[in-house]
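Next come the chains, spelled out residue by residue.
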Amino acid sequence: MASPKEESVKRNSESEDTESSEHDPHYEPIVSLPLVDIPTNEEEEEELVKIRARLYRYDVQDHEWKERGTGDIKLLRHTVNNSVRVVMRRDKTLKVCANHFITPDIRMNVHCGSDKAFNWSVFADFADETCKQEMLAIKFGNPQNAELWKTKFAEAQEIVRTKCILYTQDQFSDDESSFTRSEDTETPDPKGTDKTPDDENKKITDQDSDGVVLKLKELKVESAKTE
C-alpha cells in the first residue's frame, strides 16, 4: 500500500502529463520561405514505362563493371518532336545516372546470359552533364520486368525511326534528292544533234524568206503613205 506522499506525487505527475499532452503551442515562423517550382526538364514528355532496376557502367580503364545507381529507369517520349530518351535517377538523392536519347541502331543484348539483365552502348550519355560514350548494363528484379523493358525499348526505337522529326526529315530530304536525280537522268537537257548541210541551208533560207516578206510589207506600207 502506497503512502500518502507517494499518492500525491503520482497525482501531480499524472496531471502534468495530461496538461502537456493537451497543450499544443503554435509559433509563427520568423522567416517565410516561398514555394519554388524546380523544373525537371520532363514537363513536355510523356512516360512510356518506369521500372525499378540497378544500373552499371563499364570502366574502360579498370576493365570492370561498376555500379552506377539504383532507382527507377524511365522511357520518356517528347510530345512535340517524338524523340525518346532513357532517364534514371538514384534513390533518395535523385541524382541522374542515365540520360541519353534512343536511336534506331542501339542493340539491346542479354548480359552475362541472365534473363534479368541487358547491356547496350550509347554514343552520347549526359548523366554527368557532359557528352560521353558509355557501355551500360541494367539488372531488373525479375524476368518479367526485364522482358517489359526490352519490349518497350523496341517500341521506342520504332517511334523514333518512323515519327521523330530528326529521322523523318532526313528520309524526306533523301527521297527528294533521289527524285530530283531520277528526273535529271530520265529527262536530260536536249543536246546538239547531228545536222546535215541540207538542214542548215533550209534553216537559213527560211530565215531569209521571212526577212524578205517583212521588207516587202514595209515597202507596201511606205508606198501607201506616199500615195
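Scroll up for the structure.
It should be emphasised that the depicted structure is a prediction, and the values quoted were computed from it without experimental measurement.

Draft legend 1. Fine view of the nonpolar core. The biggest cluster of nonpolar side chains holds 27 residues, and the ones touching the most others in it are Leu75, Trp120, Ile138, Phe140 and Trp149. Mapped by element, the contributors of at least two residues to this core are β1 (45–59), β2 (64–78), β3 (84–90), β4 (96–101), β6 (117–125), β7 (132–140) and α2 (143–163). Considering each element in turn, this core owes the most residues, six residues, to α2. For Phe140, the residues in contact, after removing those within four places along its chain, are Ile51, Arg52, Ala53, Ile73, Lys116, Phe118, Asn145, Ala146 and Trp149.

Draft legend 2. Quick peek at the pairing of β4. With respect to burial, β4 is a largely interior element, five of its six residues being buried. Taken together, the five bridges between β3 and β4 define a ladder with antiparallel strand orientation. By the bridge assignment for β4, Val86 is matched with His100. Counting the residues between successive antiparallel strands, the hairpin from β3 to β4 contains five residues, one of them, Lys92, with a positive phi of roughly 70 degrees.

Draft legend 3. Region of the structure containing the pattern of salt bridges. One pass over the full model with this rule turns up 15 salt bridges. Glu46 is paired through a salt bridge with Arg77; the nearest N and O atoms lie 3.9 Å apart. A residue pair is termed long-range when its members are at least 10 positions apart, and Glu46 in strand β1 and Arg77 in strand β2 qualify at 31 residues. Accessibility expressed as a relative area gives 36% for Glu46, which makes it partly exposed. For Arg161, the salt bridge goes to Glu158, with nearest N and O atoms at 2.6 Å. Here Glu158 and Arg161 lie together in helix α2, a separation of three residues that amounts to about one turn.

Draft legend 4. Looking closely at α2. Taking 1.5 Å per residue, 21 residues should reach 30 Å; α2 reaches 30 Å between its end C-alpha atoms and fits that length. Restricting attention to buried positions, one finds in α2 the residues Ala146, Trp149, Phe153, Ala156, Gln157, Ile159 and Val160. With its buried residues spanning 155 degrees around the axis, α2 presents them on a single face. Where α2 begins, the side chain of Asn142 points an oxygen toward the backbone nitrogen of Gln144, at a separation of 3.2 Å.

Draft legend 5. Spotlight on the packing of aromatic side chains. All told, the structure shown has five aromatic pairs when counted by the stated rule. Aromatic side chains Trp120 and Phe153 sit 6.3 Å apart centroid to centroid with 50 degrees between the ring planes, which places their arrangement in the tilted category. With Trp120 in strand β6 and Phe153 in helix α2, this residue pair connects regions lying 33 residues apart in the sequence. For the pair shown, Trp120 and Phe153 are each scored as buried. When the ring of Phe140 is compared with that of Trp149, the centres are 6.0 Å apart and the planes differ by 45 degrees; the resulting orientation is tilted. Residue classification places Phe140 among the buried positions, given a relative accessible area of 3%. Through a chain of ring-to-ring contacts, three or more aromatic side chains come together here, namely Trp120, Phe140, Trp149 and Phe153.

Draft legend 6. Inspection of the environment of Lys132 at higher detail. The residue Lys132 is located in strand β7 in this model. In sequence terms Lys132 and His100 are 32 residues apart; their C-alpha atoms lie 9.8 Å from each other. Here Lys132 is in contact with Val122, Phe123, Ala124 and Asp125, once residues within four sequence places are set aside. Of the polar contacts made by the side chain of Lys132, one reaches the side chain of Asp128; its length is 3.3 Å.

Draft legend 7. Structural context of the side chain of Asn119. Inspection of the secondary structure assignment puts Asn119 in strand β6. Only 3.1 Å separates the side chain of Asn119 from the side chain of His111, close enough to count as a polar contact. The residues contacting Asn119, other than those within four sequence positions of it, are Trp65, Arg107, Met108, Asn109, Val110, His111, Met135, Leu136 and Ala137.

The rules we used
- Residues numbered from 1 in each chain as written.
- Predicted model: local features only at pLDDT ≥ 70, side-chain atom pairs only at ≥ 80, totals over all residues.
- Heavy atoms only, no water.
- Core = buried A, V, L, I, M, F, W, Y, C linked by side-chain atoms within 4.5 Å.
- Buried < 20%, exposed > 50% of the residue type's maximum accessible area, 1.4 Å probe, protein only.
- Helix = DSSP H or I, 4+ residues; strand = E, 2+ residues; numbered from the N terminus.
- Contact = heavy atoms within 4.5 Å.
- Pairing = 2+ DSSP bridges.
- Salt bridge = Lys/Arg side-chain N within 4 Å of Asp/Glu carboxyl O.
- Expected span 1.5 Å × (residues − 1).
- Arc of directions from axis to C-beta.
- Polar contact = N/O pair within 3.5 Å; in protein donor to acceptor, adjacent residues only side chain to side chain.
- Phe/Tyr/Trp six-rings, centres within 6.5 Å; stacked < 30°, edge-to-face > 60°.

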